[in-house]
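Examining the three-dimensional arrangement
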Amino acid sequence: EEEEEEDDDGVMSVPRAERVRLLKAAMGAAAYEREWKEQRVELRKVTASRRRSLAATDDMQLMPSSLEAARARAALVALEAAGVEIEEAPLVPPPKKRRRVSVGGR
């Protein structure tokens, strides 16, 4: 017998077989099968789209290398989400260069 499992974030999940049993009992087997056929088509489309997206390298950005760079990128994303053209966005200053500081006479 399968048991509920706790995910990394502390949320309980119901094993697939149990979810199917519960849904069939609640919806009826025929309605469940109809819905599953429709969902399966959509799931295939989403999966194919995800594969294409993961394979695309034309719009890929590496992780920011500093907190300042991450904040600058977040500010640009916020402007874009607000409908501001990126070309219209104010220029973000480049990250400050780090100074080397000697510790303990090194």
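Computed from a predicted structure; not experimentally measured.

1. Focus: the overall build of the chain
Summing up its helical and strand segments, the chain has three helices and two strands in all. Evaluated residue by residue, the chain yields a buried proportion of 5% over its 106 residues. Sequence separation of at least 24 residues holds for 14% of the intrachain contacts in the chain that already meet a minimum separation of 6.

2. Details of the pattern of salt bridges
The full count for this structure, using the stated rule, is two salt bridges. Measuring nitrogen to oxygen at the nearest pair gives 2.6 Å for the salt bridge that ties Glu-18 to Arg-21. Of this pair, Glu-18 and Arg-21 both sit in helix 1 (residues 16-27), three residues apart, roughly one helical turn. Residue Lys-24 pairs with Glu-33 through a salt bridge whose shortest N-O separation is 3.5 Å. Given a relative accessible area of 33%, Glu-33 falls into the partly exposed group.

3. Regarding the packing of helix 1 against helix 2 (residues 29-55)
Axis separation between helix 1 and helix 2 bottoms out at 6 Å; the angle between their running directions is 120°. In terms of their interaxial angle, helix 1 and helix 2 are classed as oblique. From helix 1, Arg-16, Val-20, Leu-23, Lys-24 and Met-27 reach across to helix 2, where they touch Ala-29, Ala-31, Tyr-32, Glu-33, Glu-35 and Trp-36. Broken down by class, the residue content of the contact of helix 1 with helix 2 amounts to seven nonpolar, no polar and four charged.

4. Here we look at helix 3 (residues 67-81)
Three- or four-residue spacings in an α-helix give side chains the same orientation, since the helix completes a turn every 3.6 residues. Look at helix 3: 21 Å from first C-alpha to last across 15 residues, which is about the 21 Å you get at 1.5 Å a residue. Downstream of helix 3 by one or two residues, Gly-83 has phi in the positive range, about 90°.

5. Considering helix 1
With twelve residues, helix 1 should cover 16 Å at 1.5 Å per step; its first-to-last C-alpha distance of 16 Å lies within 8% of that length. One or two steps after helix 1, the chain reaches Gly-28, where phi turns positive at roughly 95°.

6. Regarding the confidence of the model for the chain
Summing up the model confidence of the chain, the mean pLDDT is 82 and the portion of residues at 70 or higher is 74%. For the chain, the element scoring lowest by mean pLDDT is strand 1 (residues 5-6), at 62; helix 1 scores highest, at 95.

Cut-offs and rules
Residues numbered from 1 in each chain as written. Predicted model: local features only at pLDDT ≥ 70, side-chain atom pairs only at ≥ 80, totals over all residues. Heavy atoms only, no water. Helix = DSSP H or I, 4+ residues; strand = E, 2+ residues; numbered from the N terminus. Buried < 20%, exposed > 50% of the residue type's maximum accessible area, 1.4 Å probe, protein only. Contact = heavy atoms within 4.5 Å. Salt bridge = Lys/Arg side-chain N within 4 Å of Asp/Glu carboxyl O. Axes fitted to C-alpha atoms, helices over the stretch in contact; angles between N-to-C directions. Parallel < 35°, antiparallel > 145°, perpendicular 65-115°, else oblique. Nonpolar A, V, L, I, M, F, W, Y, C, P; charged D, E, K, R; others polar. Expected span 1.5 Å × (residues − 1). pLDDT = per-residue confidence, 0-100.

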